[in-house]
Amino acid sequence: MTQYELQAAEALKFIARNEQIKTYLQSSDLYPLLHRAAKRFVSGETRDEAISRAKELMAKGYVVSLEYIGENTRMENECASAKNELITLIHSAGECSVQSTISFDLSHIGMSIDPELALHHLVEIAKESQLYGLAVMISMEESAKTNQILSIYKNAVMKYPNIGITLQAHLYGSDEDIKELLNYPGRIRLVKGAYQEPTDMALPRSKRLDQRYLQFADTIAKAKHPLSIASHDAAIIEEIQNRNYLEHSHVEVEMLYGVQPQLLKELKDRGYRSKVYLTYGQEWYLYLCHRLAEYPPNIYVAIADMIEPNRAQVSPY
Ligand code: FAD
């Protein structure tokens with residue numbers, strides 16, 4: 001990223017979390033325009049919209065992950081309602097044969113209040129998903145939460161092997177974590193890492209990080225452990241193809257809805273298991289800010305989508 005892009009990314013992260021700015025925007029004429037831009041990255045505000053987009057993608061040969069957007073929920077009733085939304089989502093997906101993965105942050109379902117509450121909700125979600133043959137994927141949050149998330153995962157996965165876990169290649173601690181995680185049955189979703197971390201905890205975006213990502217992918221794929229390559233980086237994807245990992249049935253590639261759709265389409269057309277990470281919910285504003293912050297050139301795309309609403313509606317898949 002250039003210096004200006006880095007500054008824009010920092011500003012967007014600040015805007016995303018500032019409640020005053022959000023309240024102001026919600027009552028302004030800009031909010032509906034931002035909603036137009038969000039449609040490129042979010043399937044809609046409702047579960048029905050998400051399921052219908054999932055069906056469209058599945059008909060084209062993709063597999064899907066569904067996420068109800070939210071994180072850091074601090075009220076017990078809100079955690080319970082997020083969990084209930086996920087349970088209803090599982091029923092809706094299961095009943096119309098949408099073989100989706102259900103993905104979420106543990107901080108959305110109780111971890112910020114009490115780890116036991118998050119574990120309890122996770123088990124409920126995993127149990128319900130098992131009834132429909134669906135998989136569950138736990139997202140990874142800031143490094144301050146890594147150990148707690150891993151511990152909740154390990155507590156649940158032996159009984160519910162349909163639960164998977166996300167591993168961040170940028171964290172130095174992931175060297176030890178990966179060895180441990182290979183002893184558990186759940187799928188590992190490998191990401192570079194989205195959070196700003198202290199320099200003694202994590203590598204920044206760099207060639208070294210890319211090599212580390214590939215080294216982790218190597219370890220997981222060679223162990224014949226279920227693996228999701230979750231990256232939009234064309235160079236990483238090319239190397240993964242050169243190494244023939246995607247030929248294995250236990251390895252899939254996964255990208256966020258609206259990000260690098262052409263690249264994912266090429267992989268799908270080559271017959272690789274290609275997964276679209278599809279989000280929905282009222283918190284689309286937070287999600288849009290994250291997508292713009294992680295790749296500031298998306299700001300240009302967002303501006304064009306705001307002026308020409310149909311652009312974001314045309315499926316690039
Ligand atoms: P980067 O090094 O960030 O980018 C490489 C290239 O990819 C860029 O130059 C650009 O060409 C392209 N690119 C990247 N992002 C975009 C974009 N938004 N729009 C357009 N092009 C782009 N992170 C976590 O910390 N925890 C999680 O649980 C988590 N779950 C994820 C689940 C999925 C399915 C995916 C795909 C990502 C997830 N992430 C998660 C985010 C991840 O950690 C990275 O921040 C994100 O994927 C960007 O890194 P990258 O590997 O795509 O490559």
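These lines cover the structure that appears in this document, whether it is placed above or below. Computed from a prediction, not measured in an experiment: that's the story for all the values here.

**Section: the site of the ligand**
Around the ligand, the structure places 25 residues, and the nearest of them are M140, K192, G193, S231 and H232. In the environment of the ligand, an oxygen atom lies 2.8 Å from a nitrogen or oxygen atom belonging to the side chain of S231. One nitrogen or oxygen atom from the main chain of H232 is found 2.8 Å from an oxygen atom belonging to the ligand. When the ligand sits alone it has 930 Å² of accessible area, and the protein chains cover 85% of it. Elements that contribute at least two residues to the shell around the ligand include exactly β4 (163–168), β5 (188–191), β7 (251–256) and α12 (284–294).

**Here we look at the nonpolar core**
In terms of nonpolar packing, the biggest core is built from 71 residues, with F104, L106, L122, I163, I165 and I229 touching the most fellow members. Ranked by the residues each element gives to this core, the list is headed by helix α9 (residues 207–222), at 7 residues. Filtering out sequence-adjacent residues up to four positions away, I163 remains in contact with L122, A126, V136, I138, Y153, A156, V157, G186 and R187. Counting 24 residues, the second-largest nonpolar core is a separate cluster that includes L34, F41, V42 and M306.

**Digging into the pairing of strand β1 (residues 63–68)**
For a regular strand, the rule is simple: side chains alternate between the two faces of the sheet. Most of β1 is tucked away, with 6 of its 6 residues classed as buried. In β1, alternate side chains face the same way, and those of V63, S65 and E67 on one face and V64, L66 and Y68 on the other are all buried. Of the strand pairs in this sheet, β1 and strand β8 (residues 274–280) are connected by 6 bridges, and their pairing is parallel. Looking at the pairing, S65 lines up with Y277 of β8.

**As for the packing of helix α3 (residues 30–38) against α12**
Between α3 and α12, the shortest axis-to-axis distance is 10 Å and the interhelical angle comes to 60 degrees. As the angle between them shows, α3 and α12 are arranged oblique. Crossing of α3 against α12: the hand is left-handed. The segment α3 lies against α12, with Y31, L34, H35, A37 and A38 engaging W284, Y285 and L288.

**Focus: the side chain of S43**
Secondary-structure assignment places S43 in the loop between α3 and α4 (47–59). Judged by its relative accessible area of 8%, S43 is buried. A distance of 2.8 Å separates a polar side-chain atom of S43 from the backbone oxygen of T279. Contact partners of S43, with chain neighbours within four places excluded, come to E49, A50, R53, Y257, L278, T279 and Y280.

**What about the packing of helix α6 (residues 115–131) against helix α7 (residues 143–157)?**
Geometrically, a packed helix pair is captured by the angle between its two axes and the distance between the axes. Closest axis-to-axis distance for the α6/α7 pair is 10 Å, and the angle between their directions is 40 degrees. Considering their axes alone, α6 and α7 lie oblique with respect to each other. Where α6 crosses over α7, the two elements pack in a sense that is right-handed. Across from P115, A118, L119, L122 and V123 in α6, the residues of α7 making contact are Q148, I152, N155 and A156. Per-class residue counts for the contact of α6 with α7 are 7 nonpolar, 2 polar and no charged.

Scoring rules and cut-offs
Residues numbered from 1 in each chain as written. Predicted model: local features only at pLDDT ≥ 70, side-chain atom pairs only at ≥ 80, totals over all residues. Heavy atoms only, no water. Near = heavy atom within 4 Å. Polar contact = N/O pair within 3.5 Å; in protein donor to acceptor, adjacent residues only side chain to side chain. Areas by Shrake-Rupley, 256 points an atom, 1.4 Å probe, with all protein chains shown as cover. Helix = DSSP H or I, 4+ residues; strand = E, 2+ residues; numbered from the N terminus. Core = buried A, V, L, I, M, F, W, Y, C linked by side-chain atoms within 4.5 Å. Buried < 20%, exposed > 50% of the residue type's maximum accessible area, 1.4 Å probe, protein only. Contact = heavy atoms within 4.5 Å. Pairing = 2+ DSSP bridges. Axes fitted to C-alpha atoms, helices over the stretch in contact; angles between N-to-C directions. Parallel < 35°, antiparallel > 145°, perpendicular 65-115°, else oblique. Left-handed = near helix turned anticlockwise from the far one by under 90°. Nonpolar A, V, L, I, M, F, W, Y, C, P; charged D, E, K, R; others polar.

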